[in-house]
Amino acid sequence: MKKLLVFFLFLSLGGMAQQPVFRTGKHTLESFLASNTVYPAYSRQNCIGGTVVVAFKLDKKGDVFSSRVVRGVGTDLDDEALRLVRMTRGKWSLPAGFDTTTLVSVPVNFKVSGANCDQKSVAEIRQAIQAYRNEQELTNAVLNYYRNKEQGKAPAGEEQRIRSIQQELGYDDEYYDQRISAGLKKIKQGDHEGACEDFRFVKYMGSSKADTHLEKYCR
């Protein structure tokens, strides 16, 4: 079971002028983000929550661009917050004369409960966050290896070491199935960009399990 709390704030480079308005019928920004959240597996399993601040700009059509995490938790929550904000593209009404250089900042606060999270200490959660950051460096080494392999540039004799890293990190068929399942859920939400990131992750882990989805959705 998870709970998601979302707060938002507009920061203008030119002061607090008239603000953009989020519009999706009955949905507020909070309810839109909450209904589309796919709570990331690592943070859910390790009871990690926190606030991720995403900054972005809006073009004249109300599409999100130049989006980036400006303050993150340091886990897969950062990617999910960025994905959610990108999903608001085209759902903003802009006031007349809106300055498209205006920076919009949305703090997204994640809170997970259940799965014995009440028994997790602050120290344990901090250790899990640091472990994620350490694992990211190893994960990037694996991803880069398979990208280079696709281009015929992978160092000779490296694959055994890379496979050992994958095994150490727990990247196996079960994990890839979870990433594919998350990607398909995002497809149903209309988030092809986020889904294709999941499918490409599986591909550049050296697995072919997501190839049909890449062909179908990510060409």
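Residues numbered from 1 in each chain as written. Predicted model: local features only at pLDDT ≥ 70, side-chain atom pairs only at ≥ 80, totals over all residues. Heavy atoms only, no water.

In the annotation of an unreviewed UniProt entry, the entry for the protein reads Energy transducer TonB, and the organism field reads Pedobacter yulinensis. Under the UniProt heading Sequence similarities (unreviewed entry), the entry covering the protein gives this text: "Belongs to the TonB family." The protein has a UniProt comment under Subcellular location (unreviewed entry) that states "Cell inner membrane". (UniProt positions renumbered as here; feature names shortened; annotations may be inferred.)

Draft legend 1. Examining the pattern of salt bridges more closely. As enumerated under the stated definition, the model contains 13 salt bridges in all. With its nearest N and O atoms 3.2 Å apart, the salt bridge here joins D177 to K209. Of this pair, D177 sits in helix α6 (residues 173-188) while K209 sits in the loop between α7 (192-203) and α8 (211-217), and the two are 32 residues apart along the sequence. Judged by its relative accessible area of 40%, D177 falls in the partly exposed class. Each of the salt bridges in this network shares a partner with another, and the network as a whole consists of R86, R89, E193 and E197. (Salt bridge = Lys/Arg side-chain N within 4 Å of Asp/Glu carboxyl O. Helix = DSSP H or I, 4+ residues; strand = E, 2+ residues; numbered from the N terminus. Buried < 20%, exposed > 50% of the residue type's maximum accessible area, 1.4 Å probe, protein only.)

Draft legend 2. Summary view of the domain arrangement of the protein. As assigned here, the protein comprises domain 1 (21-112) and domain 2 (123-218). In this structure, domain 1 and domain 2 have C-alpha centres spaced 23 Å apart. For the pairing of domain 1 and domain 2, the buried interface totals around 1300 Å² over both sides, and the portion due to carbon and sulfur atoms is 54%. Sorting the residues of domain 1 by area buried against domain 2 places V38, Y42 and R83 first, and these three jointly supply 36% of that buried surface. Run the count over domain 1 and domain 2 and you get four salt bridges. Between R83 and D191 there is a salt bridge, and its shortest N-O distance comes to 2.6 Å. Here domain 1 is connected to domain 2 by eight residue pairs in polar contact (both at pLDDT 80 or more). (Domains from an automatic or database assignment. Buried area = accessible area lost by both parts, 1.4 Å probe. Polar contact = N/O pair within 3.5 Å; in protein donor to acceptor, adjacent residues only side chain to side chain.)

Draft legend 3. Layout of the packing of aromatic side chains. Applying the stated criterion to the full structure yields 11 aromatic pairs. Centre to centre, the rings of F22 and W92 are 5.3 Å apart; their planes meet at 70°, and the pair counts as edge-to-face. With F22 in strand β3 (residues 21-22) and W92 in strand β6 (residues 92-93), this residue pair connects regions lying 70 residues apart in the sequence. W92 sits in the buried class, given a relative accessible area of 2%. A ring pair is formed by Y175 and Y176, whose centres lie 6.3 Å apart and whose planes are at 75°; its orientation type is edge-to-face. (Phe/Tyr/Trp six-rings, centres within 6.5 Å; stacked < 30°, edge-to-face > 60°.)

Draft legend 4. Summary view of unusual backbone geometry. For C47, which is not a glycine, the phi torsion comes out positive at approximately 60°. As for its position among the elements, C47 is in the loop between α2 (41-45) and β4 (50-58). Since its relative accessible area comes to 7%, C47 is described here as buried.

Draft legend 5. Main features of the pairing of β4. Among the nine residues in β4, seven count as buried, and that is most of the element. Examined bridge by bridge, β4 and strand β7 (residues 104-112) share seven bridges and lie antiparallel to one another. Bridge pairing in β7 links F56 to V104. Relative to strand β5 (residues 64-71), β4 runs antiparallel, the two sharing five bridges. Among the inter-strand pairings, V53 is bridged to a residue of β5, identified as R71. The hairpin turn running from β4 into β5, its antiparallel successor, is five residues long, and G62 in that turn takes a positive phi close to 85°. (Pairing = 2+ DSSP bridges.)

Draft legend 6. Layout of the state of the cysteines. Taken as a whole and assessed by the stated rule, the structure comprises two disulfides. Shown here is the disulfide that connects C47 with C117, its sulfur atoms set 2.1 Å apart. Looking down the S-S bond of the C47 and C117 bridge, the torsion is -85°, so its handedness is left-handed. A residue pair is termed long-range when its members are at least 10 positions apart, and C47 in the loop between α2 and β4 and C117 in the loop between β7 and α4 (122-150) qualify at 70 residues. (Disulfide = S-S within 2.5 Å.)

Draft legend 7. Looking closely at the nonpolar core. Counting 31 residues, the largest nonpolar core has I48, V52, F56, L58, L77, W92 and F110 as its most contacted members. Those elements giving two or more residues to this core turn out to be α1 (29-36), β4, α3 (76-86), β7 and α4. Taken domain by domain, this core gets at least three of its residues from each of domain 1 (21-112) and domain 2 (123-218). Setting aside residues no more than four positions away along its own chain, F56 makes contact with V64, F65, S66, S67, V85, W92, T102, L103, V104 and V106. (Core = buried A, V, L, I, M, F, W, Y, C linked by side-chain atoms within 4.5 Å. Contact = heavy atoms within 4.5 Å.)

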